[in-house]
Amino acid sequence: MKKIFKAGVMASVIAICCILSVGCTRNNGDIGVWFGAWKLESMSNKGEIGNSPAIIWKFQNHVVEMQEVWEGNHESVDHFGSWTQVDDHLILDFGHSDNMFPAGSWKYTPPAVTEIPNGTTEMVIKELSNKRIELIYNRSDSEPIVYKLIRWS
């Protein structure tokens, strides 16, 4: 009887350890299909975006990272901002201070190739699914830009 009890306790301890070791990948809650990495596939004013640099958009909680990745030398530059969704609009804010963190390969401006301005930018969400995102940035001084992103991870 003692052996069965000890085996039951040991199995319970192992089960609890396994559950706790899984960990949490979503900081401060579920953000739905936004969570994860998305590759910028094309921009309407530039056509298909090549691989060098690839622009990867990453969403978690209210932080957005746009990572420029150069294929040949595996270098990257990380661009950080914040984001929120209000109805059918994505609001990006790249108006944060560089003084928050020490100097390095981090920037608080969007990648130049995206033509997204510093500060707050509002985009219309045309499509949002588990596999694709399509956003429209209506610029006041020229034609709108349509961004097409595909699920990267």
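Structure: above.
Residues numbered from 1 in each chain as written. Predicted model: local features only at pLDDT ≥ 70, side-chain atom pairs only at ≥ 80, totals over all residues. Heavy atoms only, no water.

Bringing the environment of I91 into the picture now. Looking at where I91 falls in the secondary structure, it is placed in strand β6 (residues 89–93). By relative accessible area, I91 is classed as partly exposed at 21%. Placed 30 residues apart in sequence, I91 and T121 show a C-alpha to C-alpha distance of 5.7 Å. Setting aside anything within four residues of it in sequence, one finds I91 in contact with S82, W83, T84, V86, T120, T121 and E122. (Helix = DSSP H or I, 4+ residues; strand = E, 2+ residues; numbered from the N terminus. Buried < 20%, exposed > 50% of the residue type's maximum accessible area, 1.4 Å probe, protein only. Contact = heavy atoms within 4.5 Å.)

The next point concerns the pairing of strand β1 (residues 36–43). Of all 8 residues in β1, 7 are buried; the element is thus mostly enclosed. Bridge count between β1 and strand β3 (residues 54–60): 4 bridges; the pairing is antiparallel. Looking at β3, one finds that W38 is bridged to W57. Here β1 pairs with strand β10 (residues 145–151) via 5 bridges, running antiparallel. (Pairing = 2+ DSSP bridges.)

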